[in-house]
Amino acid sequence: MAKVDVIMPQMGESIAEGTLTKWLKSVGEGIERDDDLFEISTDKVDADIPAPASGVLAEILVQEGETVEVNTIVGRIETEAGAEVALAAAPEAPTAEASAAPAPAVAAGAEAPAPTEAVVEPTPPVVAPSPEPGDGVGDGDSGGPATREDRLRTRSTPLVRKIAAEHGIDIARVPGTGLAGRVTRDDILAYIDNPPPSAGAGPDVASEVLTGVEPEVPATVTRTTAAAPATIPDAAATPVASEAPDLPRTEPRVRRIPIHGATLDVKLPNVPIRESDRIEEMSRVRLRTMEHMLMSKRISAHVTSVTEVDFERIVRLRRALKGKFAEQGVKLTYGPFIYRAIVEGLRDYPILNASVDGSRIVYHGDINLGIAVAINDGTELIVPVLKNADRLSLMGLAQGANELAEKARSRSLDFDDIQGGTFTLTNVGVFGNLFGTPIINQPQVAILGTGVIEKRPVVAQDEHGNDVIAIRHRSYFGLSYDHRVVDGAMAAFFLNRVQEILENFPEESV
């Protein structure tokens, strides 16, 4: 039998998990490639996910309402026509097995899955984690065999188990609202925010591992806070120490970053923690962003070049065209003019529209612009992709960019909207910054950061060729590029081309 795994996709660079909200096909139902197969919801995107192959939906491993990490297998498609579909004896059985930790071996005492084609998983290059509650033959105080409900409760998703491990929490103690009392992500987070009075405090800092495998020795620290005195002591009667002692420090930690099938161990420095400090755990979105940025800095040799662009012509053109675009229901910003200039620059210098595959350079035939959009009051970032930007008019660029930005802010981006970018643009000027040195969005080789467009005094020439001080709309453009394949001269040529187009924008291209 030929079977294709259906996985939970990564909907954005900082997304670490997704909730499967609805299956659109049933087990045994025929599927065509790219048919909508299931719906997911993440911190940033709600989307319908297409089928990766044609065939028959043979197995559902993750049930509706479950939250799992990206790249988790949620189901399988039988691709041979007429082949029998593997069905479990009980409808809930696939849920229990799919929710177990994605270890290469089945833990003792776990229910055996229905007979299916074997899938060999690579073994992580670390020691095996300790058995979790519910994995053994005997469970509970009675010492008898664990029931299926007991195992379902304790064998939650990998993400839930990781959160519990980071906070030193026994999942068996957490009230669950899922199937058979199973502990969901919301359950564990609610337990952390409002622990019962009898629950132990447990360690509140642990080694975070973004790859889903446990470190060999989880590092923990226990913090203590002195009780506030009922009255303020007399300063004259109380000796003052010359320096406040440090509270316990975090132990050295190691973060494993996946890079091209291998892992990079990054040692995190110790940080002294004092009584006046406020401690806040990173969100999963922030942890995922950190992983992606560290990976990009490790892979690409980052260099940034900056140029200054005169926007006086674009300001006049935009002022003249705003009414015409508004009649079509399109808001015209400076963005579409910049997109057009980037497209022309990438056509002339295709090395900036490429990716590195080992020792090969892949020159992309399409120009797909990733446009960074700040969401959630600027606390998070997502990069929807404007496909085939080189085939769009100025009106098409404005319409496409506005639609993507609106979908990003309303969390209605489709799966295809965030895939396939070949070059990225980020606008730091929207926050008033002069320019930035952005980190490359892998696997691309360049990213352009545009600064604020503002009036500045500059040296210009009058109609007689005399130097004068003039007030002009100007902006800095910072291009970060991968020095493995893009040299400084090529980056300068590209920036000069973008600058030339914007300062002499042809009216016929509007």
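Residues numbered from 1 in each chain as written. Predicted model: local features only at pLDDT ≥ 70, side-chain atom pairs only at ≥ 80, totals over all residues. Heavy atoms only, no water.

Draft legend 1. The arrangement of the overall build of the protein chain in detail. When you go through the protein chain residue by residue, the secondary structure sums to 9 helices and 21 strands. In the protein chain, which comprises 510 residues, the proportion classed as buried is 42%. Taking the contacts inside the protein chain whose residues are at least 6 apart along the sequence as the reference set, 65% of them involve residues at least 24 apart. With an accessible surface of roughly 26500 Å², the protein chain has 52% of that area assigned to carbon and sulfur atoms. (Helix = DSSP H or I, 4+ residues; strand = E, 2+ residues; numbered from the N terminus. Buried < 20%, exposed > 50% of the residue type's maximum accessible area, 1.4 Å probe, protein only. Contact = heavy atoms within 4.5 Å. Areas by Shrake-Rupley, 256 points an atom, 1.4 Å probe, with all protein chains shown as cover.)

Draft legend 2. Structural detail: the sheet that holds strand β8 (residues 73–78). Reading across the sheet, the 4 strands line up as β1-β8-β6-β3 and stay open at both edges, with antiparallel pairing between neighbours. Pairing within the sheet leaves two strands with one partner each, and these edge strands are β1 (3–7) and β3 (30–31). Here 4 bridges tie strand β6 (residues 55–60) to β8, and the two strands are oriented antiparallel to one another. The residue of β8 that forms the bridge with Leu57 is Ile77. (Pairing = 2+ DSSP bridges.)

Draft legend 3. View of the nonpolar core. Leu369 and Leu479 are the most contacted members of the largest nonpolar core, which has 72 residues in total. Broken down by element, this core gets its largest block of residues, 8 residues, from helix α8 (residues 394–409). Membership of the second largest hydrophobic core comes to 9 residues, among which are Val160, Ile171, Ile188 and Tyr191. (Core = buried A, V, L, I, M, F, W, Y, C linked by side-chain atoms within 4.5 Å.)

Draft legend 4. Spatial organisation of the pattern of salt bridges. Scanning the model with the defined rule gives 19 salt bridges in all. In this structure, Lys407 and Asp414 form a salt bridge, with 3.3 Å as the shortest nitrogen-oxygen distance. Owing to a relative accessible area of 22%, Lys407 belongs among the partly exposed residues under this scheme. One salt bridge connects Arg456 with Glu454, and the closest N-O pair in it is separated by 3.1 Å. You can call Arg456 buried: its relative accessible area is 10%. Judged by relative accessible area, which is 30%, Glu454 ranks as partly exposed. (Salt bridge = Lys/Arg side-chain N within 4 Å of Asp/Glu carboxyl O.)

Draft legend 5. The arrangement of the packing of helix α7 (residues 335–348) against helix α9 (residues 488–503) in detail. Relative orientation of the contacting elements α7 and α9 amounts to 135 degrees, with a least axis distance of 8 Å. Judged by the angle between their axes, α7 and α9 are oblique. Crossing geometry of α7 relative to α9 is assigned as right-handed. Residues Phe337, Ile338, Ala341, Ile342, Glu344, Gly345, Leu346 and Asp348 of α7 form the contact with α9, whose participating residues are Phe494, Arg497, Val498, Ile501 and Leu502. Split into classes, the residues belonging to the contact of α7 with α9 amount to 9 nonpolar, 1 polar and 3 charged. (Axes fitted to C-alpha atoms, helices over the stretch in contact; angles between N-to-C directions. Parallel < 35°, antiparallel > 145°, perpendicular 65-115°, else oblique. Left-handed = near helix turned anticlockwise from the far one by under 90°. Nonpolar A, V, L, I, M, F, W, Y, C, P; charged D, E, K, R; others polar.)

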